[in-house]
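# Understanding the architecture of this molecule
If you want the building blocks of each chain, they are given just below.
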Amino acid sequence: SSPIISFQVWYDVGSINERPGITGISHLFEHMMFKGSKNVEPEAHSRIIQENGGTDNAFTTGDMTAYFENLPSSQLELAVKLEADRMAHLQLTADTLSSEREVVKEERRLRYDNSLSGKLSEGLYSTAFTRHPYRWPVIGWMSDIDTISLEDCKTFYRSYYTPNNVTVIILGDIDPQKTIYIVEKYFGHIQPAEHMDKVIPEEDIQKQEKRKDLYVDTQFPWLAIAYHIPEAASDDIPVLELIGNILTTGRSSRLYRKIIYEDQSALSVFTSVNNYKDPGLFVITVNSIKRGYTPEEVETVVNEALERFKAEMVTERELEKAINKMETNLIFGLQTNFVRGMRIGFSLARTGDPLGFVRKLESYRHATAEDIQRVLRKYFTPENRITIRLLPIGNSDKSVR
(Lines give C-alpha, C1' and ligand atoms only; values in the text may rest on other atoms or scores of the structure.)
Protein backbone atom coordinates (compact mmCIF):
# COMPACT_ATOMS: atom_id res chain seq x y z
CA SER A 1 0.00 0.00 0.00
CA SER A 2 2.94 2.39 0.45
CA PRO A 3 4.03 4.10 -2.80
CA ILE A 4 7.47 2.47 -2.84
CA ILE A 5 9.09 -0.41 -4.68
CA SER A 6 12.19 -2.55 -4.65
CA PHE A 7 13.63 -3.29 -8.11
CA GLN A 8 16.17 -6.12 -8.07
CA VAL A 9 18.27 -7.68 -10.82
CA TRP A 10 19.81 -11.06 -9.95
CA TYR A 11 22.54 -12.43 -12.23
CA ASP A 12 23.19 -16.17 -12.07
CA VAL A 13 26.93 -15.75 -11.67
CA GLY A 14 29.26 -15.63 -8.70
CA SER A 15 32.66 -16.87 -7.62
CA ILE A 16 31.39 -20.41 -8.26
CA ASN A 17 31.71 -19.62 -11.99
CA GLU A 18 35.34 -18.51 -11.78
CA ARG A 19 38.57 -20.41 -12.31
CA PRO A 20 42.15 -20.05 -11.04
CA GLY A 21 43.67 -16.99 -12.68
CA ILE A 22 40.49 -14.89 -12.56
CA THR A 23 39.26 -15.52 -9.01
CA GLY A 24 37.45 -12.44 -7.76
CA ILE A 25 36.30 -11.29 -11.20
CA SER A 26 32.60 -11.54 -10.23
CA HIS A 27 33.08 -9.13 -7.35
CA LEU A 28 35.41 -6.88 -9.33
CA PHE A 29 32.82 -6.72 -12.07
CA GLU A 30 30.16 -5.65 -9.59
CA HIS A 31 32.32 -2.55 -9.05
CA MET A 32 32.73 -2.06 -12.80
CA MET A 33 28.95 -1.95 -13.26
CA PHE A 34 28.90 1.49 -11.60
CA LYS A 35 31.56 2.98 -13.90
CA GLY A 36 29.29 4.20 -16.68
CA SER A 37 27.32 2.94 -19.67
CA LYS A 38 26.13 4.27 -23.02
CA ASN A 39 23.66 6.75 -21.53
CA VAL A 40 24.97 7.11 -17.97
CA GLU A 41 28.23 8.75 -16.92
CA PRO A 42 30.64 7.00 -14.51
CA GLU A 43 29.37 7.05 -10.90
CA ALA A 44 26.12 8.72 -12.07
CA HIS A 45 23.90 5.67 -11.55
CA SER A 46 23.69 6.02 -7.77
CA ARG A 47 23.47 9.81 -7.94
CA ILE A 48 20.45 9.63 -10.27
CA ILE A 49 18.70 7.15 -7.98
CA GLN A 50 19.37 9.34 -4.92
CA GLU A 51 18.14 12.47 -6.70
CA ASN A 52 14.87 10.67 -7.33
CA GLY A 53 14.35 9.68 -3.70
CA GLY A 54 15.86 6.24 -3.73
CA THR A 55 18.83 4.17 -2.63
CA ASP A 56 20.81 1.53 -4.50
CA ASN A 57 23.58 -0.99 -3.98
CA ALA A 58 24.84 -4.41 -5.06
CA PHE A 59 26.49 -7.53 -3.67
CA THR A 60 28.32 -10.61 -4.88
CA THR A 61 28.29 -14.08 -3.30
CA GLY A 62 29.63 -17.45 -4.27
CA ASP A 63 26.40 -18.22 -6.13
CA MET A 64 25.06 -14.94 -7.56
CA THR A 65 25.46 -11.20 -8.09
CA ALA A 66 22.54 -8.84 -7.39
CA TYR A 67 21.83 -5.15 -7.98
CA PHE A 68 18.91 -3.25 -6.47
CA GLU A 69 17.16 0.09 -6.26
CA ASN A 70 14.64 0.96 -3.54
CA LEU A 71 12.68 4.02 -4.60
CA PRO A 72 9.23 5.63 -5.07
CA SER A 73 6.93 3.55 -7.27
CA SER A 74 6.58 6.53 -9.62
CA GLN A 75 10.26 6.00 -10.56
CA LEU A 76 9.96 2.36 -11.63
CA GLU A 77 10.71 3.13 -15.26
CA LEU A 78 13.85 5.03 -14.27
CA ALA A 79 15.24 2.01 -12.40
CA VAL A 80 14.40 -0.36 -15.26
CA LYS A 81 16.00 1.95 -17.81
CA LEU A 82 19.21 2.32 -15.80
CA GLU A 83 19.65 -1.41 -15.18
CA ALA A 84 18.92 -2.34 -18.81
CA ASP A 85 21.39 0.28 -20.05
CA ARG A 86 24.28 -1.16 -18.09
CA MET A 87 23.32 -4.72 -18.99
CA ALA A 88 23.43 -3.87 -22.69
CA HIS A 89 25.91 -1.00 -22.97
CA LEU A 90 28.41 -1.04 -20.11
CA GLN A 91 31.56 0.99 -20.83
CA LEU A 92 34.61 -1.13 -20.02
CA THR A 93 37.93 0.72 -20.18
CA ALA A 94 41.48 0.15 -18.98
CA ASP A 95 41.24 3.23 -16.75
CA THR A 96 38.12 2.11 -14.90
CA LEU A 97 39.55 -1.40 -14.49
CA SER A 98 42.75 0.06 -13.03
CA SER A 99 40.92 2.26 -10.53
CA GLU A 100 38.46 -0.41 -9.39
CA ARG A 101 41.22 -2.99 -9.13
CA GLU A 102 42.88 -0.80 -6.48
CA VAL A 103 39.58 -0.34 -4.63
CA VAL A 104 39.03 -4.11 -4.51
CA LYS A 105 42.61 -4.77 -3.39
CA GLU A 106 42.14 -2.37 -0.50
CA GLU A 107 38.84 -4.07 0.35
CA ARG A 108 40.62 -7.42 0.39
CA ARG A 109 43.33 -6.08 2.72
CA LEU A 110 40.64 -4.82 5.10
CA ARG A 111 38.41 -7.90 5.08
CA TYR A 112 40.99 -10.69 4.83
CA ASP A 113 44.65 -9.76 5.05
CA ASN A 114 44.19 -7.56 8.14
CA SER A 115 41.20 -9.35 9.65
CA LEU A 116 41.33 -12.36 11.96
CA SER A 117 37.85 -13.47 10.95
CA GLY A 118 38.83 -13.11 7.29
CA LYS A 119 42.00 -15.14 7.77
CA LEU A 120 40.08 -17.85 9.61
CA SER A 121 37.39 -18.05 6.91
CA GLU A 122 39.91 -18.10 4.08
CA GLY A 123 41.95 -20.81 5.79
CA LEU A 124 38.84 -22.87 6.49
CA TYR A 125 37.39 -22.91 2.98
CA SER A 126 40.72 -23.35 1.21
CA THR A 127 41.32 -26.39 3.43
CA ALA A 128 37.81 -27.87 3.31
CA PHE A 129 37.54 -27.70 -0.49
CA THR A 130 40.19 -29.00 -2.86
CA ARG A 131 38.34 -28.93 -6.22
CA HIS A 132 35.17 -26.86 -5.87
CA PRO A 133 35.33 -23.05 -6.41
CA TYR A 134 34.08 -22.45 -2.85
CA ARG A 135 37.71 -22.95 -1.89
CA TRP A 136 38.59 -19.36 -2.81
CA PRO A 137 36.99 -16.28 -1.25
CA VAL A 138 34.40 -14.30 -3.20
CA ILE A 139 36.80 -11.36 -3.31
CA GLY A 140 39.42 -13.61 -4.92
CA TRP A 141 43.13 -14.17 -4.41
CA MET A 142 45.26 -11.02 -4.45
CA SER A 143 47.52 -12.42 -7.18
CA ASP A 144 44.50 -12.87 -9.47
CA ILE A 145 43.01 -9.46 -8.70
CA ASP A 146 46.36 -8.02 -9.76
CA THR A 147 46.33 -9.73 -13.16
CA ILE A 148 42.69 -9.80 -14.33
CA SER A 149 42.75 -8.15 -17.75
CA LEU A 150 40.34 -5.92 -19.64
CA GLU A 151 39.75 -8.76 -22.08
CA ASP A 152 38.90 -11.07 -19.15
CA CYS A 153 36.26 -8.52 -18.08
CA LYS A 154 34.82 -8.19 -21.58
CA THR A 155 34.55 -11.97 -21.94
CA PHE A 156 32.92 -12.23 -18.51
CA TYR A 157 30.44 -9.48 -19.43
CA ARG A 158 29.48 -11.10 -22.72
CA SER A 159 29.05 -14.50 -21.11
CA TYR A 160 27.06 -13.71 -17.98
CA TYR A 161 25.49 -10.23 -18.13
CA THR A 162 22.75 -11.25 -20.51
CA PRO A 163 18.95 -11.57 -20.25
CA ASN A 164 19.07 -15.38 -20.36
CA ASN A 165 21.17 -15.35 -17.19
CA VAL A 166 19.17 -12.94 -15.06
CA THR A 167 16.03 -12.77 -12.93
CA VAL A 168 14.26 -9.45 -12.33
CA ILE A 169 12.29 -9.20 -9.08
CA ILE A 170 9.96 -6.24 -8.48
CA LEU A 171 8.01 -5.79 -5.25
CA GLY A 172 5.70 -3.15 -3.82
CA ASP A 173 3.20 -0.66 -5.21
CA ILE A 174 3.09 -1.82 -8.84
CA ASP A 175 0.55 -2.52 -11.55
CA PRO A 176 1.61 -5.97 -12.87
CA GLN A 177 0.57 -5.44 -16.49
CA LYS A 178 2.19 -2.00 -16.71
CA THR A 179 5.31 -3.26 -14.96
CA ILE A 180 5.79 -6.16 -17.38
CA TYR A 181 5.34 -3.75 -20.29
CA ILE A 182 8.07 -1.44 -18.92
CA VAL A 183 10.51 -4.32 -18.35
CA GLU A 184 9.93 -5.68 -21.85
CA LYS A 185 10.33 -2.18 -23.31
CA TYR A 186 13.90 -1.82 -21.98
CA PHE A 187 15.13 -5.39 -21.66
CA GLY A 188 13.31 -7.03 -24.57
CA HIS A 189 15.77 -6.02 -27.29
CA ILE A 190 18.90 -7.23 -25.46
CA GLN A 191 20.31 -10.34 -27.13
CA PRO A 192 21.03 -13.49 -25.10
CA ALA A 193 24.48 -15.01 -24.85
CA GLU A 194 25.23 -17.80 -27.28
CA HIS A 195 27.25 -19.85 -24.82
CA MET A 196 27.82 -19.85 -21.08
CA ASP A 197 30.25 -22.34 -19.60
CA LYS A 198 28.93 -23.44 -16.21
CA VAL A 199 30.76 -26.72 -15.69
CA ILE A 200 31.65 -26.67 -11.98
CA PRO A 201 33.90 -29.41 -10.56
CA GLU A 202 32.33 -31.47 -7.81
CA GLU A 203 34.13 -31.79 -4.49
CA ASP A 204 35.43 -35.22 -3.56
CA ILE A 205 33.91 -36.82 -0.46
CA GLN A 206 36.18 -36.15 2.52
CA LYS A 207 37.36 -39.41 4.07
CA GLN A 208 39.48 -38.21 6.98
CA GLU A 209 39.64 -35.17 9.24
CA LYS A 210 41.51 -32.12 7.97
CA ARG A 211 43.43 -29.80 10.27
CA LYS A 212 45.38 -26.60 9.75
CA ASP A 213 47.12 -24.13 12.05
CA LEU A 214 47.67 -20.55 10.92
CA TYR A 215 50.12 -18.40 12.84
CA VAL A 216 48.99 -14.77 12.89
CA ASP A 217 49.52 -11.52 14.75
CA THR A 218 47.12 -12.05 17.66
CA GLN A 219 47.31 -12.48 21.41
CA PHE A 220 44.31 -14.78 21.62
CA PRO A 221 43.74 -17.92 19.52
CA TRP A 222 40.64 -18.46 17.39
CA LEU A 223 39.09 -21.81 16.48
CA ALA A 224 36.77 -23.06 13.72
CA ILE A 225 35.34 -26.57 13.62
CA ALA A 226 33.36 -27.36 10.47
CA TYR A 227 31.57 -30.23 8.76
CA HIS A 228 30.60 -30.75 5.13
CA ILE A 229 26.84 -30.45 4.61
CA PRO A 230 24.53 -30.70 1.57
CA GLU A 231 23.25 -28.00 -0.79
CA ALA A 232 20.54 -25.49 0.14
CA ALA A 233 17.79 -27.52 -1.55
CA SER A 234 18.37 -30.49 0.80
CA ASP A 235 15.69 -31.32 3.37
CA ASP A 236 18.47 -31.59 5.96
CA ILE A 237 19.33 -27.86 5.84
CA PRO A 238 16.43 -26.67 8.05
CA VAL A 239 17.34 -29.34 10.60
CA LEU A 240 20.99 -28.22 10.55
CA GLU A 241 19.84 -24.64 11.14
CA LEU A 242 17.89 -25.81 14.19
CA ILE A 243 21.00 -27.64 15.43
CA GLY A 244 23.02 -24.44 15.10
CA ASN A 245 20.37 -22.56 17.04
CA ILE A 246 20.37 -25.12 19.85
CA LEU A 247 24.17 -24.98 20.05
CA THR A 248 24.89 -21.25 20.13
CA THR A 249 21.81 -18.99 19.94
CA GLY A 250 20.92 -17.39 23.25
CA ARG A 251 22.46 -17.65 26.70
CA SER A 252 20.83 -21.00 27.42
CA SER A 253 22.20 -22.63 24.23
CA ARG A 254 24.56 -25.52 24.84
CA LEU A 255 27.92 -24.17 23.72
CA TYR A 256 27.24 -20.58 24.80
CA ARG A 257 26.33 -21.76 28.29
CA LYS A 258 29.41 -23.97 28.57
CA ILE A 259 32.11 -21.84 26.88
CA ILE A 260 30.98 -18.29 27.62
CA TYR A 261 29.02 -18.56 30.87
CA GLU A 262 30.46 -21.52 32.79
CA ASP A 263 34.09 -21.79 31.64
CA GLN A 264 34.44 -18.17 30.48
CA SER A 265 37.11 -19.48 28.15
CA ALA A 266 36.41 -17.32 25.09
CA LEU A 267 34.89 -14.05 23.99
CA SER A 268 32.18 -15.52 21.74
CA VAL A 269 30.94 -18.68 20.06
CA PHE A 270 28.55 -18.93 17.13
CA THR A 271 27.50 -21.24 14.32
CA SER A 272 26.82 -20.66 10.63
CA VAL A 273 25.05 -22.95 8.16
CA ASN A 274 25.89 -22.42 4.50
CA ASN A 275 22.76 -22.14 2.37
CA TYR A 276 24.67 -22.54 -0.87
CA LYS A 277 23.71 -23.77 -4.33
CA ASP A 278 26.27 -26.58 -3.95
CA PRO A 279 27.24 -28.45 -0.77
CA GLY A 280 28.82 -26.16 1.84
CA LEU A 281 29.80 -26.19 5.51
CA PHE A 282 28.34 -26.12 9.00
CA VAL A 283 30.80 -24.01 11.01
CA ILE A 284 31.30 -23.53 14.75
CA THR A 285 33.55 -20.53 15.47
CA VAL A 286 35.12 -19.68 18.82
CA ASN A 287 36.63 -16.20 18.96
CA SER A 288 39.44 -15.01 21.22
CA ILE A 289 40.26 -17.90 23.53
CA LYS A 290 41.22 -16.32 26.85
CA ARG A 291 44.43 -16.61 28.82
CA GLY A 292 44.45 -19.68 31.01
CA TYR A 293 42.89 -21.85 28.31
CA THR A 294 44.40 -23.60 25.31
CA PRO A 295 42.79 -24.11 21.90
CA GLU A 296 43.07 -27.85 22.54
CA GLU A 297 40.93 -27.54 25.67
CA VAL A 298 38.23 -25.53 23.93
CA GLU A 299 38.28 -27.87 20.95
CA THR A 300 37.72 -30.80 23.32
CA VAL A 301 34.76 -29.00 24.90
CA VAL A 302 33.14 -28.47 21.49
CA ASN A 303 33.72 -32.01 20.27
CA GLU A 304 32.49 -33.58 23.51
CA ALA A 305 29.36 -31.42 23.41
CA LEU A 306 28.64 -32.63 19.88
CA GLU A 307 29.14 -36.26 20.87
CA ARG A 308 26.66 -35.84 23.76
CA PHE A 309 24.26 -34.13 21.38
CA LYS A 310 24.46 -37.14 19.03
CA ALA A 311 23.94 -39.64 21.84
CA GLU A 312 21.04 -37.98 23.66
CA MET A 313 17.72 -36.83 22.29
CA VAL A 314 17.27 -33.06 22.27
CA THR A 315 14.77 -31.95 24.91
CA GLU A 316 11.30 -30.88 23.89
CA ARG A 317 11.90 -27.42 25.37
CA GLU A 318 15.17 -26.91 23.45
CA LEU A 319 13.59 -27.92 20.16
CA GLU A 320 10.49 -25.81 20.71
CA LYS A 321 12.60 -22.75 21.53
CA ALA A 322 14.78 -23.25 18.44
CA ILE A 323 11.75 -23.62 16.16
CA ASN A 324 10.14 -20.49 17.64
CA LYS A 325 13.34 -18.52 17.17
CA MET A 326 13.79 -19.58 13.54
CA GLU A 327 10.13 -18.85 12.78
CA THR A 328 10.29 -15.43 14.44
CA ASN A 329 13.45 -14.44 12.57
CA LEU A 330 11.98 -15.47 9.23
CA ILE A 331 8.60 -13.75 9.68
CA PHE A 332 9.98 -10.52 11.19
CA GLY A 333 12.41 -10.35 8.28
CA LEU A 334 9.58 -10.05 5.76
CA GLN A 335 8.38 -6.59 6.75
CA THR A 336 9.92 -4.67 3.83
CA ASN A 337 9.75 -5.01 0.06
CA PHE A 338 13.53 -5.16 -0.10
CA VAL A 339 13.93 -8.08 2.31
CA ARG A 340 11.06 -9.98 0.70
CA GLY A 341 12.90 -9.62 -2.58
CA MET A 342 16.12 -10.82 -0.99
CA ARG A 343 14.36 -13.91 0.36
CA ILE A 344 12.86 -14.70 -3.05
CA GLY A 345 16.12 -14.03 -4.89
CA PHE A 346 18.34 -16.13 -2.63
CA SER A 347 15.83 -18.98 -2.57
CA LEU A 348 15.43 -18.99 -6.34
CA ALA A 349 19.16 -18.77 -7.03
CA ARG A 350 20.12 -21.50 -4.58
CA THR A 351 17.22 -23.96 -4.75
CA GLY A 352 15.30 -23.08 -7.91
CA ASP A 353 12.20 -22.40 -5.79
CA PRO A 354 11.34 -18.70 -5.28
CA LEU A 355 9.15 -19.51 -2.28
CA GLY A 356 11.47 -22.09 -0.76
CA PHE A 357 11.88 -19.94 2.35
CA VAL A 358 8.14 -20.28 3.05
CA ARG A 359 8.34 -24.04 2.72
CA LYS A 360 11.38 -24.01 5.01
CA LEU A 361 9.13 -22.55 7.70
CA GLU A 362 7.00 -25.69 7.52
CA SER A 363 10.16 -27.80 7.74
CA TYR A 364 11.08 -26.07 11.01
CA ARG A 365 7.62 -26.68 12.44
CA HIS A 366 7.61 -30.37 11.56
CA ALA A 367 11.16 -31.17 12.73
CA THR A 368 11.40 -33.82 15.47
CA ALA A 369 13.98 -34.87 18.02
CA GLU A 370 14.58 -37.93 15.87
CA ASP A 371 15.34 -35.69 12.87
CA ILE A 372 17.89 -33.77 14.94
CA GLN A 373 19.65 -36.93 16.06
CA ARG A 374 19.62 -38.45 12.56
CA VAL A 375 21.20 -35.38 10.98
CA LEU A 376 23.78 -35.03 13.76
CA ARG A 377 24.89 -38.63 13.31
CA LYS A 378 24.93 -38.31 9.52
CA TYR A 379 27.23 -35.26 9.22
CA PHE A 380 28.99 -34.70 12.55
CA THR A 381 31.57 -37.44 12.19
CA PRO A 382 35.34 -37.21 12.77
CA GLU A 383 36.16 -38.07 9.15
CA ASN A 384 33.88 -35.24 7.92
CA ARG A 385 35.44 -32.62 10.21
CA ILE A 386 37.72 -29.69 9.37
CA THR A 387 39.53 -27.91 12.22
CA ILE A 388 41.29 -24.58 11.70
CA ARG A 389 43.13 -22.64 14.41
CA LEU A 390 44.55 -19.14 14.45
CA LEU A 391 47.53 -19.18 16.79
CA PRO A 392 49.86 -16.42 17.99
CA ILE A 393 53.07 -16.09 15.98
CA GLY A 394 56.03 -17.60 17.79
CA ASN A 395 53.88 -19.56 20.23
CA SER A 396 55.35 -22.99 19.57
CA ASP A 397 53.39 -24.78 22.28
CA LYS A 398 50.11 -23.37 20.88
CA SER A 399 49.12 -22.25 24.35
CA VAL A 400 48.34 -18.88 25.88
CA ARG A 401 48.78 -19.90 29.49
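Treat the numbers as computed from the prediction; the structure is a model and nothing was measured. (Residues numbered from 1 in each chain as written. Predicted model: local features only at pLDDT ≥ 70, side-chain atom pairs only at ≥ 80, totals over all residues. Heavy atoms only, no water.)

## Topic: the layout of surface pockets
Approximately 730 Å³ is the volume found for the largest pocket. Taken together, 31 residues line the largest pocket, and the ones lying closest to its centre are Glu 241, Asn 275, Arg 343, Lys 360 and Tyr 364. Along the lines of polarity and charge, the residues of the lining of the largest pocket split into 11 nonpolar, 13 polar and seven charged. Taken as a whole, the second largest pocket spans an internal volume of roughly 590 Å³. Lining of the second largest pocket is provided by 24 residues; of these, Tyr 112, Ser 121, Pro 137, Val 138 and Tyr 276 occupy positions nearest its centre. Among the secondary structure elements, those contributing two or more residues to the lining of the second largest pocket are α4 (94-113) and α5 (116-128). Classifying every residue of the lining of the second largest pocket by side-chain character gives eight nonpolar, 10 polar and six charged. (1 Å grid on protein atoms, 1.4 Å probe; cavity = no way out; pocket = protein on both sides within 12 Å on 5 of 7 lines; lining within 4 Å. Points joined across faces, edges and corners; volume = space filled by probe spheres on them. Nonpolar A, V, L, I, M, F, W, Y, C, P; charged D, E, K, R; others polar. Helix = DSSP H or I, 4+ residues; strand = E, 2+ residues; numbered from the N terminus.)

## Description of the confidence of the model for the protein
Overall, the predicted model of the protein reaches an average pLDDT of 94, with 98% of residues at or above 70. In the model, residues 396-401 has pLDDT below 50 throughout and makes 20 contacts with residues more than four positions away in sequence or in other chains. (pLDDT = per-residue confidence, 0-100. Contact = heavy atoms within 4.5 Å.)

## What about the packing of α4 against α5?
In the contact formed by α4 and α5, the axes pass within 6 Å of each other and the chain directions differ by 85°. By the angle class used here, α4 and α5 are roughly perpendicular. In this structure, α4 contributes Arg 108, Arg 111, Tyr 112 and Asp 113 to the contact, and α5 contributes Gly 118, Lys 119 and Glu 122. Grouping the constituent residues of the contact of α4 with α5 by class yields one nonpolar, one polar and five charged. (Axes fitted to C-alpha atoms, helices over the stretch in contact; angles between N-to-C directions. Parallel < 35°, antiparallel > 145°, perpendicular 65-115°, else oblique.)

## Here we look at the nonpolar core
Most often, soluble globular proteins have nonpolar side chains that are buried together. One finds Phe 7, Tyr 11, Phe 29, Val 80, Tyr 161 and Phe 187 to be the most contacted residues of the largest nonpolar core, which totals 44 residues. Non-local contacts of Val 80, meaning those with residues more than four positions away in its chain, are made with Phe 7, Ile 182, Val 183, Tyr 186 and Phe 187. With 43 residues, the next largest nonpolar core counts Val 239, Val 301, Ala 305 and Leu 319 among its residues. (Core = buried A, V, L, I, M, F, W, Y, C linked by side-chain atoms within 4.5 Å. Buried < 20%, exposed > 50% of the residue type's maximum accessible area, 1.4 Å probe, protein only.)

## A look at the side chain of Thr 65
By the element assignment, Thr 65 lies in strand β3 (residues 65-72). Apart from residues lying up to four places away in sequence, Thr 65 is in contact with Val 9, Trp 10, Tyr 11, Val 13, Gly 14, Ser 26, Glu 30, Phe 59, Thr 60 and Tyr 161.

## Observations concerning the packing of helix α1 (residues 25-32) against helix α7 (residues 150-160)
In the contact formed by α1 and α7, the axes pass within 11 Å of each other and the chain directions differ by 85°. Here α1 is positioned roughly perpendicular relative to α7, judged by the angle of their axes. Touching Ile 25, Ser 26 and Phe 29 of α1 are Asp 152, Cys 153, Phe 156 and Tyr 157, all from α7.

## Re the pattern of salt bridges
Within this structure, the stated rule accounts for 29 salt bridges. Glu 151 serves as the salt-bridge partner of Arg 158, at 3.4 Å between the closest nitrogen and oxygen. Salt bridges sharing common partners tie together Glu 209, Arg 211, Glu 299 and Arg 385. (Salt bridge = Lys/Arg side-chain N within 4 Å of Asp/Glu carboxyl O.)

## Some details on the sheet that holds strand β8 (residues 281-289)
The mixed open sheet is built from five strands, whose spatial order is β5-β9-β6-β8-β7. At either margin of the open sheet sits one strand with a lone partner, and together these are β5 (210-216) and β7 (266-273). Each strand axis lies, on average, 10° off the axis of its neighbour in the sheet, ignoring direction. Relative to strand β9 (residues 385-392), β5 runs parallel, the two sharing seven bridges. (Pairing = 2+ DSSP bridges.)

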